[in-house]
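Here is what each chain is made of, one letter per residue.
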Amino acid sequence: MTTQARPYRSVLYIPGSKDRALEKAKTLPVDAIIFDLEDAVAIDEKVNARALLAETLAAGGYGPRAKIVRVNGLDTEWGRDDVLAFVGADIDAILIPKVGSAADVQAVADLIPDVPLWAMMETPIGMINAHELAAHPRMAGFVMGTNDLAKELKCRFRADRLPMITSLQLCLLAARAEGIVAVDGVYNAFKDDEGLKAECEQGRDMGFDGKTLIHPAQVAITNDAFAPTEAEIDLARRQIEAFEQAEKEGLGVAVVDGKIVENLHIVTAKETLAKADAIAALAAGA
């Protein structure tokens, strides 16, 4: 499954220091896991967490779920060893925290070959340099770090996330310009299903591929929100069928449900069906 086709609806943070959580993650219906060695691990557990995570990943058992390791920054005493510990490991990406420039990305790229790199987008300088980061040849995904970003911006938390909309859209623009994955930030109130659903719908409407999660209870709502609906799948099939028929008749457009359908709509329709197929394949392999 390629990076572009692979679903990233639900991306769950798991502390690299918690062996029970690492084991439970093997059974959860998530599309991807961020194995966290940074914020979720206490300072005195950093070294042990690294060893535990390397051993756990080497043992396997995570099926088709994307395996992403968030390391500590290279400006810390643990960052370099974190990266080196996963050279040659069976992982899908290294996630770099607090990325500000392409030089930050290159510094990690120099330490670990052949592994896609993802960036935590969580600082003002990261927002300003979003396209520079997305354009790095090893960059494959953005993760919005909305908690850290809010702290740096000194903005208030609002249900509509208006203070962060510019930042979210800058990262989306950069990600789409370079064809990489873009995953929305976490929703902190993990018992608030209605709030989570609303924020998922906002992120999906904006164009994010999925959402990062802090608790397994958030998985079902998120998976549902970022998957094509049955109505969207049905419309996509009918648009493709109608457009193909129009082409046979020498026409450049078709009409479906009273609306014009052009080639650009067919591109979107095919992407919708491809995403639905990828989600089905992921579920079958889990």
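Everything here concerns the structure above.
This section reports on the structure supplied with the text. (Residues numbered from 1 in each chain as written. Predicted model: local features only at pLDDT ≥ 70, side-chain atom pairs only at ≥ 80, totals over all residues. Heavy atoms only, no water.)

What follows covers the overall build of the protein chain. Counting its regular elements, the protein chain contains twelve helices and ten strands. For 286 residues, the compact-globule estimate of 2.2 N^0.38 gives 19 Å, and the C-alpha radius of gyration of the protein chain, at 20 Å, lies within 12% of that figure. Across its three principal axes, the protein chain shows a C-alpha extent of roughly 70 × 40 × 40 Å. The 286 residues of the protein chain split such that 49% are buried. Residue pairs in contact within the protein chain that sit at least 24 positions apart in sequence constitute 66% of those at least 6 positions apart. Carbon and sulfur atoms form 53% of the exposed surface of the protein chain, whose accessible area is close to 13800 Å². Taken together, the 30 basic and 44 acidic charged side chains of the protein chain have centroids lying 3 Å from each other. (Helix = DSSP H or I, 4+ residues; strand = E, 2+ residues; numbered from the N terminus. Rg over C-alpha atoms; globule rule 2.2 N^0.38 Å. Buried < 20%, exposed > 50% of the residue type's maximum accessible area, 1.4 Å probe, protein only. Contact = heavy atoms within 4.5 Å. Areas by Shrake-Rupley, 256 points an atom, 1.4 Å probe, with all protein chains shown as cover. Lys, Arg positive; Asp, Glu negative; His and termini not counted. Charge placed at Lys NZ, Arg CZ, Asp CG, Glu CD.)

This part takes up the environment of Ala 130. Assignment of secondary structure puts Ala 130 in helix α6 (residues 130-134). C-alpha of Ala 130 to C-alpha of Ala 236: the two residues are 106 residues apart in sequence and 32 Å apart in space. If we skip the residues at most four places from it in the chain, Ala 130 touches Met 121, Phe 142, Leu 170, Cys 171 and Ala 174.

Each aromatic ring pair is described using two quantities: the centre-to-centre distance and the angle formed by the ring planes. A complete count under the given rule lists two aromatic pairs for this structure. Geometrically, the ring pair formed by Tyr 8 and Trp 118 is tilted, given 5.2 Å between the ring centres and 55° between the ring planes. With a gap of 110 residues between them, Tyr 8 in the segment before β1 (10-15) and Trp 118 in strand β5 (residues 117-121) connect regions that are remote in the sequence. With 5.1 Å between their ring centres and 80° between their planes, Phe 35 and Tyr 62 make a pair best called edge-to-face. Taken together, the positions of Phe 35 in strand β2 (residues 32-36) and Tyr 62 in the loop between α2 (46-59) and β3 (66-70) put the pair 27 residues apart, joining distant regions of the chain. When sorted by exposure, Phe 35 lands in the same class as Tyr 62, which is buried. The lysine or arginine in question, Lys 26, covers the ring of Tyr 62, its NZ or CZ lying 5.5 Å from the ring centre. A cation over an aromatic ring shows up here: Lys 46 above the ring of Trp 78, its NZ or CZ 5.3 Å from the ring centre. (Phe/Tyr/Trp six-rings, centres within 6.5 Å; stacked < 30°, edge-to-face > 60°. Lys NZ or Arg CZ within 6 Å of the ring centre and 35° of its normal.)

Membership of the largest hydrophobic core comes to 58 residues, with the highest contact counts inside it found for Val 69, Ile 94, Met 121 and Phe 142. Element by element, the count of residues in this core is highest for helix α8 (residues 165-178), at six residues. Phe 142 has contacts with Ala 119, Met 121, Ala 130, Leu 133, Ala 134, Cys 171, Ala 174, Ala 175, Ile 180, Val 181, Ala 182 and Val 183, leaving out every residue within four places of it along the chain. In terms of nonpolar packing, the next biggest core, distinct from the first, is built from 16 residues, Tyr 8, Ile 68, Met 120 and Ala 140 among them. (Core = buried A, V, L, I, M, F, W, Y, C linked by side-chain atoms within 4.5 Å.)

With that settled, the discussion passes to the pattern of salt bridges. Taken as a whole and assessed by the stated rule, the structure comprises 20 salt bridges. When the shortest N-O distance is used, the salt bridge between Asp 92 and Lys 67 registers 3.9 Å. Of this pair, Asp 92 sits in the loop between α3 (79-84) and β4 (93-96) while Lys 67 sits in strand β3, and the two are 25 residues apart along the sequence. By relative accessible area, Lys 67 is classed as buried at 9%. A salt bridge links Lys 98 to Asp 148, with the nearest nitrogen and oxygen atoms 3.9 Å apart. Residue Lys 98 is found in the loop between β4 and α4 (102-109), and its partner Asp 148 is found in helix α7 (residues 146-153); the two are separated by 50 residues along the sequence. Lys 98 gets classed as partly exposed once you look at its relative accessible area, which sits at 40%. The buried category is assigned to Asp 148, whose relative accessible area is 18%. Counted as one network, the salt bridges with shared partners bring together Asp 36, Glu 38, Asp 39, Arg 70, Lys 98 and Asp 148. (Salt bridge = Lys/Arg side-chain N within 4 Å of Asp/Glu carboxyl O.)

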